[in-house]
Amino acid sequence: MSKLKRSLATAILITVLAISCLSRNPAVETYRNLFHSVTYLDIENFSVNLTTDKINISRNEKRMLLDGDILVYLTDEGRLGKMLILQLDREEDGFMYFDFVTYDFENKISIEKRNVKLQASFIYDFDKGIIPEKIEGVEIWWHSLDDLEMYLVPLTPTKLGKYPVAKMN
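Residues numbered from 1 in each chain as written. Predicted model: local features only at pLDDT ≥ 70, side-chain atom pairs only at ≥ 80, totals over all residues. Heavy atoms only, no water.

## Some details on a negative patch on the surface
Quick note on the threshold: Patch rule: a residue counts if its relative accessible area is over 30% and it has no salt bridge; like charges are joined within 9 Å, and nonpolar side chains (Val, Leu, Ile, Met, Phe, Trp, Tyr) within 5 Å. Shrake-Rupley sampling with a 1.4 Å probe provides the accessible areas, and residues are treated as covered by the protein chains on show and by no other component. Every case where a carboxyl oxygen of Asp or Glu lies within 4 Å of a side-chain nitrogen of Lys or Arg is listed as a salt bridge. Working convention for charge: Lys and Arg count positive, Asp and Glu count negative, and His plus the chain ends are omitted. Charge positions are represented by NZ for Lys, CZ for Arg, CG for Asp and CD for Glu. Working definition: helices are DSSP H or I runs of at least four residues, strands are E runs of at least two. Numbering for both runs from the N terminus.
A cluster of like negative charges, contributed by Glu92, Asp146, Asp147 and Glu149, occupies part of the molecular surface. Mapping glutamate 92 onto the fold places it in the loop between strand E3 (80-88) and strand E4 (95-103).

## Quick word on the confidence of the model for the protein
Detailed conclusions should not be drawn from predicted coordinates in areas where pLDDT is low. We count it as follows: One confidence number per residue, pLDDT, is output by the predictor and ranges from 0 to 100. We call two residues contacting when some pair of their heavy atoms lies within 4.5 Å.
For the protein, per-residue confidence averages 87 on the pLDDT scale, and residues scoring 70 or more make up 83% of the total. Predicted confidence for residues 16-23 stays below pLDDT 50, and this span has zero contacts to residues more than four positions away or in other chains.

## With respect to the sheet that holds strand E8 (residues 150-154)
What counts, and what does not: Any two strands with at least two DSSP-identified bridges between them are counted as paired.
With antiparallel pairing, four strands are arranged side by side in an open sheet as E1-E8-E7-E6. Of all the strands in the sheet, the pair left with one neighbour each is strand E1 (55-56) and strand E6 (123-124). One ladder, built from five bridges, connects strand E7 (residues 140-144) with E8; its direction is antiparallel. Bridge pairing in E8 links serine 144 to methionine 150.

## Regarding the pattern of salt bridges
This model, assessed by the stated rule, comprises 10 salt bridges. Between arginine 79 and glutamate 77 there is a salt bridge, and its shortest N-O distance comes to 2.4 Å.

Now the structure itself:
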């Protein structure tokens, strides 16, 4: 009986692993490879282009961000970082998933998170890696004016910019 249980457990484990491998999104892995190729020096050089301008993420042809896009940011505490859009408002679900890396003042990783989920109308703090309860220290706000018009807004003094990358196919 013990051999049968062990065989069954092994079969279940193999099945779970196979399903897990099949469910991996190859596009996300491609995005992440490109994201990781953007170095701190790249971010620092690009940082002169950062602004406090909002980025249009509306549900129409004016949308400026797509899955796989990379943003560079300067936090309210003066740290540079990068953000990878994994999934933005798929099927108008009102959620954005992203990875991000915030660097400290010695150009080392201060905080890094994967698969962060941000809901429309919520705020995010890249210095702490949290959805804060208070507006203090917030870097970005997903400002949803209505069901169509939405913006990713850097809250001053935070700055953002869309990093120019050639997409891997």
